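Chain residues, written in single-letter form:
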Amino acid sequence: MHGHFRVASSAIAAVAIGVAGPAPALAQEADAERQTLTVYTYDSFAADWGPGPQVEEAFEAQCDCDLQFVSVADGVALLNRLRLEGGRTDADVVLGLDTNLMAEARQTGYFAPHGLELGELDVPGGWNNDIFVPFDYGYFAVVYDTEAIADPPESMAQFLSLDSEHKIVIQDPRTSTPGLGLMLWIRYLYGEDAPQAYAELAERVLTVTPGWTESYGLFTGGEVPMVLSYTTSPAYHMIAEGTDRYQAMAFKEGHYMQIEVAAQTVQGSDNRLSQQFLAFMTGPQFQSIIPETNWMLPVAETAGPLDPAFDRLVDPERALLFDPETVAENRDAWVDEWLEAFSR
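Residues numbered from 1 in each chain as written. Predicted model: local features only at pLDDT ≥ 70, side-chain atom pairs only at ≥ 80, totals over all residues. Heavy atoms only, no water.

Details of the overall build of the chain
Here is step 1: Across its full length, the chain holds 14 helices and 12 strands.
Here is step 2: Taken over the C-alpha trace, the chain has a radius of gyration of 21 Å; the compact-globule value for 344 residues is 20 Å, and the two agree within 12%.
Here is step 3: Principal-axis analysis of the C-alpha atoms places the extent of the chain at approximately 70 × 45 × 40 Å.
Here is step 4: Out of the 344 residues belonging to the chain, those deemed buried represent 53%.
Here is step 5: Once local pairs closer than 6 in sequence are excluded, the contacts in the chain between residues at least 24 apart make up 79%.
Here is step 6: Of the roughly 15200 Å² of accessible surface on the chain, a fraction of 49% belongs to carbon and sulfur atoms.
Here is step 7: On the chain, the mean spot of the 17 positive side-chain charges and the mean spot of the 52 negative ones are 5 Å from each other. (Helix = DSSP H or I, 4+ residues; strand = E, 2+ residues; numbered from the N terminus. Rg over C-alpha atoms; globule rule 2.2 N^0.38 Å. Buried < 20%, exposed > 50% of the residue type's maximum accessible area, 1.4 Å probe, protein only. Contact = heavy atoms within 4.5 Å. Areas by Shrake-Rupley, 256 points an atom, 1.4 Å probe, with all protein chains shown as cover. Lys, Arg positive; Asp, Glu negative; His and termini not counted. Charge placed at Lys NZ, Arg CZ, Asp CG, Glu CD.)

Okay, structure coming up:
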C-alpha cells in the first residue's frame, strides 16, 4: 500500500513537471543516481502504525536511496504473489515469509544467498541459513477480551472443547502466516487426529479473514471475544493504550513459534542495496523499531532493553515448530484437510 502510494505520488509529480516545463538537468541527474530498493512485505508491516515508516526513514538516511514498500495481505500471500509473477518480479527483497514457508520459497529458485555472517543472532534454536535472514520471532496465541471471558482455557484441548457460543476470528492458512501457524499448531499437537480438531474449531469460528489486520480489527472492535494472534499482542495494549483488558491464553501443551524472515530475490541480488538492507535488518536501528511497532520479539540483543510490559507476557513452556521441509512436503494436503473440516 505504502509503496503504491509513493509510485502514484511520483507519477502525479511527473505530470505536474510536464505541465510546468522541463525539470532542471541537475535534479534529473540526482534522481537517476538515487537508487531504488523495492521491498515486498505484508500490510501491517507497511502500515502507518507498523514498522515500515520508521524503517524507511532510518534506512534511507544511511543509504541515500529510495526504499519503497509494496504490500499484500499477509505472509503466505507474498509467496503466492511471487509465484504469480513467475520470478519476473519488481521485488529486490521479500520481507515477511516465515520458517513454515522457507523450504517452499527456496524450491522456487526465486531467491539468492544473502552472503552475510549471522553468528550474533539471538533466535531460539539458533540460526543457520544461507538464503533467509530472520528479523523477529514470536509465538501464536489465542488473545481474548477479559471483559467477555473471565475464566480462559489453559490448554488447546480446553479451548477446542468450549461451547459454540465462544466465537473466535482466525486467518486463512492459504494467505496468512498466522492462519497457517494455527493449522500447524493443531497438527503438531494432534497428528492424524487433527481433522477432528479442525472440525471442533470450525463450529466456533465467526469468520476467516485473508490476513491478520482484518481479524484483529474485528476483535478490538468488539465483534468477537477471541482472535488468533500472538503472545506479544497484549504488550501493544499495555504500552500504547495503558490497558490490561486484552490477554493471551497460556496453553500447557506449548505454543507454536514463528520466526519471520526476509531474503533477496535473484533479480534483487544485482542491486547493491539488497544485501545492505538485509544487513541493516539485523542491526540495532531496525531491531529497536520492531518490538513496539511489529509487536514481536527482536532477533538481536542490540535491540536494547524491552519495555517492562514484555516481562508480563505469556512465556510458553514449550516452543513447538515443524521443520521447514516437513511443512513443504505436507502443507497442501494439510490445508485440504483444513478446508474440508471448515466446509462441513
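Some details on helix H11 (residues 233-240)
Each turn of an α-helix holds 3.6 residues, which means side chains three or four residues apart point in the same direction.
Here is step 1: Three or more residues of H11 are buried, namely Ser-233, Pro-234, Ala-235, His-237 and Met-238.
Here is step 2: Turning to H11, the residues buried within the fold contact strand E5 (133-145), helix H10 (212-220), strand E8 (226-230) and strand E9 (246-248).
Here is step 3: The positive-phi residue at the C-terminal boundary of H11 is Gly-242, with phi of around 65 degrees.

What to know about the packing of helix H4 (residues 52-63) against helix H12 (residues 272-281)
Here is step 1: Packing of H4 against H12 leaves a shortest axis separation of 11 Å and a crossing angle of 125 degrees. Taken together, the axes of H4 and H12 lie oblique to each other. Handedness of the H4/H12 crossing: right-handed. Between H4 and H12, the residues in contact are Val-55, Ala-58, Phe-59, Gln-62 and Cys-63 and Leu-273, Gln-276, Phe-277 and Phe-280, respectively.
Here is step 2: Per-class residue counts for the contact of H4 with H12 are 7 nonpolar, 2 polar and no charged. (Axes fitted to C-alpha atoms, helices over the stretch in contact; angles between N-to-C directions. Parallel < 35°, antiparallel > 145°, perpendicular 65-115°, else oblique. Left-handed = near helix turned anticlockwise from the far one by under 90°. Nonpolar A, V, L, I, M, F, W, Y, C, P; charged D, E, K, R; others polar.)

With respect to the nonpolar core
As a rule of thumb, nonpolar side chains are buried together in soluble globular proteins.
Here is step 1: In this structure, Leu-97, Phe-111, Phe-132, Phe-159, Leu-201, Phe-277 and Phe-286 are the most contacted members of the largest nonpolar core, which totals 106 residues.
Here is step 2: Residue contributions to this core peak at 9 residues, all from E5. (Core = buried A, V, L, I, M, F, W, Y, C linked by side-chain atoms within 4.5 Å.)

Topic: the pattern of salt bridges
Here is step 1: Throughout the structure, instances matching the rule amount to 11 salt bridges.
Here is step 2: Between Arg-174 and Asp-172 there is a salt bridge, with its nearest N and O atoms 2.8 Å apart.
Here is step 3: Salt-bridge contacts for Arg-187 lead to Glu-192; the nearest nitrogen and oxygen are separated by 3.0 Å.
Here is step 4: Overlapping salt bridges, with partners in common, bring together Arg-83, Glu-104 and Arg-331 in one network. (Salt bridge = Lys/Arg side-chain N within 4 Å of Asp/Glu carboxyl O.)

Some remarks on the pairing of strand E3 (residues 93-98)
Here is step 1: With 6 of 6 residues buried, E3 is to be regarded as a mostly interior element.
Here is step 2: As paired strands, strand E1 (residues 36-42) and E3 are joined by 2 bridges and run parallel to one another. By the bridge assignment, Val-39 is partnered in E3 with Val-93.
Here is step 3: As paired strands, E3 and strand E10 (residues 255-265) are joined by 5 bridges and run antiparallel to one another. Its bridge partner lying in E10, Leu-95 is registered against Ala-262. (Pairing = 2+ DSSP bridges.)

Some remarks on H10
Here is step 1: Residues of H10 that are buried: Trp-212, Ser-215, Tyr-216 and Phe-219. Seen from one end, H10 has its buried residues packed into an arc of 95 degrees, which puts them on one side. (Arc of directions from axis to C-beta.)

Examining the packing of aromatic side chains
Here is step 1: The tally for this structure, following the rule as stated, stands at 26 aromatic pairs.
Here is step 2: On the numbers, 5.7 Å between centres and 55 degrees between planes, the contact of Phe-111 with Phe-132 is tilted. Here Phe-132 lies in the loop between strand E4 (111-112) and E5 and Phe-111 lies in strand E4, a separation of 21 residues in the sequence. In terms of burial, Phe-111 and Phe-132 fall into one category: buried.
Here is step 3: By way of ring pairs, the aromatic residues Tyr-42, Phe-45, Phe-59, Phe-69, Phe-135, Phe-277, Phe-280 and Phe-286 are connected into one cluster. (Phe/Tyr/Trp six-rings, centres within 6.5 Å; stacked < 30°, edge-to-face > 60°.)

Some points on the environment of Glu-292
Here is step 1: In this structure, Glu-292 sits in the loop between helix H13 (284-289) and strand E11 (297-298).
Here is step 2: As for Glu-292 and Leu-306, which are separated by 14 residues in sequence, their C-alpha atoms are 8.8 Å apart.
Here is step 3: Each residue touching Glu-292, except ones within four places of it in the same chain, is listed here: Ile-239, Asp-307 and Phe-310.

Focus on the environment of Arg-106
Here is step 1: Mapping Arg-106 onto the fold places it in helix H6 (residues 102-107).
Here is step 2: Arg-106 sits 157 residues away from Ala-263 along the chain, and the two C-alpha atoms are 9.9 Å apart.
Here is step 3: If we ignore the near neighbours within four places in the chain, the residues touching Arg-106 are Asn-129, Asp-130, Ile-131 and Phe-132.
Here is step 4: For Arg-106, the side chain forms a polar contact with the side chain of Asp-130, separated by 2.6 Å. (Polar contact = N/O pair within 3.5 Å; in protein donor to acceptor, adjacent residues only side chain to side chain.)

Observations concerning unusual backbone geometry
Here is step 1: Positive phi outside glycine occurs at Asp-64, with the angle close to 50 degrees.
Here is step 2: For Asp-64, the location among the structural elements is in the loop between H4 and strand E2 (66-72).

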